[in-house]
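# Coordinates in review
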Amino acid sequence: MRSIDVHAHLTPQCFIRAMQAGQAWHGIQPGTMRIAPRAVWTPEQRLADMNSLGVDVHVVSTGAAFYYYDGDATTVAAMHRECNDEVHQMTIDYPDRFKGLAQIPMQEPATAIAELDRAVNQRGLVGAMINDTANGRTYDEPEFLPLWKAAEQMGALMFIHQQGGDTLVTPRLNRYHLANTIGNLVDRAVTFASFVFGGVMDKCPDLKICLAHGGGYTCYGIGRMDRGWQVRSEARVNIQQPPSAYLKKFYYDCLTHSEAALRYLIDTVGIDRVVFGTDWPADMAIDWPVSWVLGLQSLTQEEKEAILWKNLEKLLGI
Ligand SMILES: [Zn+2]
């Protein structure tokens, strides 16, 4: 069966070459970033691993370590262009195996729009991967609205993915890997809420957003968000419908590490909104992702096909 993975990261070879040569790369000094063993793999080594996993297509995103939203916008824009051009080259060399998500400099929305436009309309990438916030600014802030409008007009997918260990849990309890195992899920629920309560989804009804890690705690917490909307006027400032009415406006990857949670996600948002995402090559990835989906007892064959490839084929037009 075909499979398309929307959550598959890249440590770009242009960065690795510079580090191995002992050279700075767009302001990153050698030795300052940890490089995981599989992260140095070439596209050909990646393809061999995809073959062993039974994954046909990686929608490649340069890793979250390369966001650098707190850096100088001009420097980071140049870094992101080089990352995006390398992803573009992978899609040219192996058009049936790789699609790409861009990096865009969110510290400067106008520059982010320009790079998204270049990546999508000139380089054929399918959207961008972005953090849950940009330097603490959430996505209901008005400065981001032109970006959402532009992405909507381009048909670009916005894939929401936290930056490493920098989540809302980090300042509270930065031990036991909780910044990742709980923090990713907290951040995703807040991001869903910022888009919905901020009125972005009403202003951009065709904006395509995919929330990584199954949308985090969004589905489990939606009842309380609805209750808040009913009883508190400040929750209704921007929206006329309860938050749950917006669940089906988003896409969610299947990366829950729990069959019960995935079943609940499907039952809450609809099977047409759940897509295949594995987090390759992270240690928190699903080890044998295609086998995992195919082996789930509570999903029908049609649901497995929708998750593994049909939904992404339609969403990305591939
Ligand atoms: Zn990831």
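Everything discussed here concerns the structure shown above.
For the structure given in this document, a descriptive report is provided here. These numbers were taken from a predicted model, which means no experiment stands behind them.

Calculation rules
Residues numbered from 1 in each chain as written. Predicted model: local features only at pLDDT ≥ 70, side-chain atom pairs only at ≥ 80, totals over all residues. Heavy atoms only, no water. Helix = DSSP H or I, 4+ residues; strand = E, 2+ residues; numbered from the N terminus. Rg over C-alpha atoms; globule rule 2.2 N^0.38 Å. Buried < 20%, exposed > 50% of the residue type's maximum accessible area, 1.4 Å probe, protein only. Contact = heavy atoms within 4.5 Å. Areas by Shrake-Rupley, 256 points an atom, 1.4 Å probe, with all protein chains shown as cover. Lys, Arg positive; Asp, Glu negative; His and termini not counted. Charge placed at Lys NZ, Arg CZ, Asp CG, Glu CD. Donors = N, O, S within 2.8 Å, 3.2 Å for Na, K, Ca; no water. Tetrahedral: all angles 85-135°; square planar, octahedral: opposite > 155°, others 65-115°. Salt bridge = Lys/Arg side-chain N within 4 Å of Asp/Glu carboxyl O. Pairing = 2+ DSSP bridges. Phe/Tyr/Trp six-rings, centres within 6.5 Å; stacked < 30°, edge-to-face > 60°. Core = buried A, V, L, I, M, F, W, Y, C linked by side-chain atoms within 4.5 Å. Axes fitted to C-alpha atoms, helices over the stretch in contact; angles between N-to-C directions. Parallel < 35°, antiparallel > 145°, perpendicular 65-115°, else oblique. Left-handed = near helix turned anticlockwise from the far one by under 90°. Nonpolar A, V, L, I, M, F, W, Y, C, P; charged D, E, K, R; others polar. Expected span 1.5 Å × (residues − 1). Bend = angle between axes of the 7 residues up to and from the residue.

### Side note on the overall build of the protein chain
Of the regular secondary structure elements, the protein chain holds twelve helices and eight strands. Against the 2.2 N^0.38 benchmark of 20 Å for 318 residues, the protein chain shows a C-alpha radius of gyration of 19 Å, consistent with a compact globule. Its C-alpha atoms put the protein chain at 60 × 45 × 40 Å along the principal axes. In the protein chain, buried positions account for 53% of the 318 residues. Within the protein chain, residue pairs in contact and separated by at least 24 positions form 75% of the contacts whose partners lie at least 6 positions apart. Carbon and sulfur atoms provide 51% of the accessible area of the protein chain, an area that totals close to 13,700 Å². Measuring between centres, the 28 positive side-chain charges of the protein chain sit 4 Å from its 36 negative side-chain charges.

### With respect to the coordination of the zinc ion
Note on the zinc ion: its protein donors are His7 (NE2), His9 (NE2), His161 (NE2) and Asp279 (OD). The metal-donor distances range over 2.0 to 2.1 Å. Taken together, the four donor atoms coordinating the zinc ion and their angles of 88 to 167 degrees define a geometry best described as irregular. Donor residues for the zinc ion, ordered by position in the chain, follow H-x1-H-x151-H-x117-D. Here His7 is found in strand β1 (residues 4-10), whereas its partner Asp279 is found in the loop between β8 (274-275) and α11 (289-294), with 272 residues between them in sequence.

### Re the pattern of salt bridges
Applying the stated criterion across every chain yields a total of twelve salt bridges. Across the pair Arg2 and Glu313 runs a salt bridge whose closest N-O atoms are separated by 2.5 Å. Of the two residues, Arg2 sits in the segment before β1 while Glu313 sits in helix α12 (residues 301-316), which places them 311 residues apart along the sequence. You can call Arg2 partly exposed: its relative accessible area is 29%. A salt bridge links Glu305 to Lys310; its shortest N-O distance comes to 3.3 Å. With a relative accessible area of 40%, Lys310 lands in the partly exposed category. One connected set of salt bridges, linked through shared partners, spans Asp85, Glu115, Arg118 and Arg123.

### Comments concerning the sheet that holds β1
The sheet built from eight strands is open, its strands ordered β1-β2-β3-β4-β5-β6-β7-β8 with parallel pairing. Strand pairing shows two members of the sheet lacking a second neighbour, β1 and β8, which therefore form its edges. One ladder, built from two bridges, connects strand β3 (residues 98-102) with strand β4 (residues 127-130); its direction is parallel. Each bridged residue has a counterpart across the sheet, and for Ala102 the counterpart in β4 is Ala128.

### Some details on the packing of aromatic side chains
Inspection of every chain in the model, using the stated rule, returns 13 aromatic pairs. Centre to centre, the rings of Phe144 and Trp148 are 6.2 Å apart; their planes meet at 35 degrees, and the pair counts as tilted. Relative accessible area serves as the criterion here: at 0%, Trp148 is assigned to the buried category. With 5.0 Å between their ring centres and 50 degrees between their planes, Phe192 and Phe250 make a pair best called tilted.

### With respect to the nonpolar core
Nonpolar side chains tend toward joint burial in soluble globular proteins. Core analysis: the largest hydrophobic core is formed by 85 residues, its most contacted members being Met106, Leu116, Ile130, Trp148 and Met158. With eleven residues, the next largest nonpolar core counts Cys14, Phe15, Ala18 and Met19 among its residues.

### Digging into the packing of helix α3 (residues 73-93) against helix α4 (residues 109-122)
The angle between the axes and the distance between the axes are what describe a pair of packed helices. Look at α3 against α4: their axes get within 11 Å of each other, and the N-to-C directions meet at 15 degrees. Considering the angle they form, α3 stands roughly parallel to α4. Relative to α4, α3 is oriented so that their crossing is right-handed. Packed against α3, whose contacting residues are Ala77, His80, Arg81, Asn84 and Asp85, the element α4 presents Thr111, Glu115, Arg118 and Ala119 at the interface. When grouped by side-chain class, the residues that make up the contact of α3 with α4 number two nonpolar, three polar and four charged.

### What to know about helix α9 (residues 218-231)
The end-to-end C-alpha distance of α9 is 19 Å, a good match for the 20 Å that 14 residues give at a rise of 1.5 Å each. At Arg224, α9 shows its largest bend, some 25 degrees. Turning to α9, its buried residues number three or more, namely Thr218, Cys219, Ile222, Met225, Asp226 and Trp229. Against α7 (183-197) and α10 (259-269) lie the buried residues of α9.

### Regarding the environment of Tyr94
Position of Tyr94 among the secondary structure elements: in the loop between α3 and β3. Exposure remark for Tyr94: the relative accessible area of 25% places this residue in the partly exposed category. Considering only alpha carbons, one finds Tyr94 and Pro43, 51 residues apart in sequence, at a separation of 9.0 Å. When near neighbours in sequence (up to four residues on either side) are disregarded, Tyr94 contacts Pro43, Glu44 and Leu47.

Shape descriptors only; they carry no functional weight alone.
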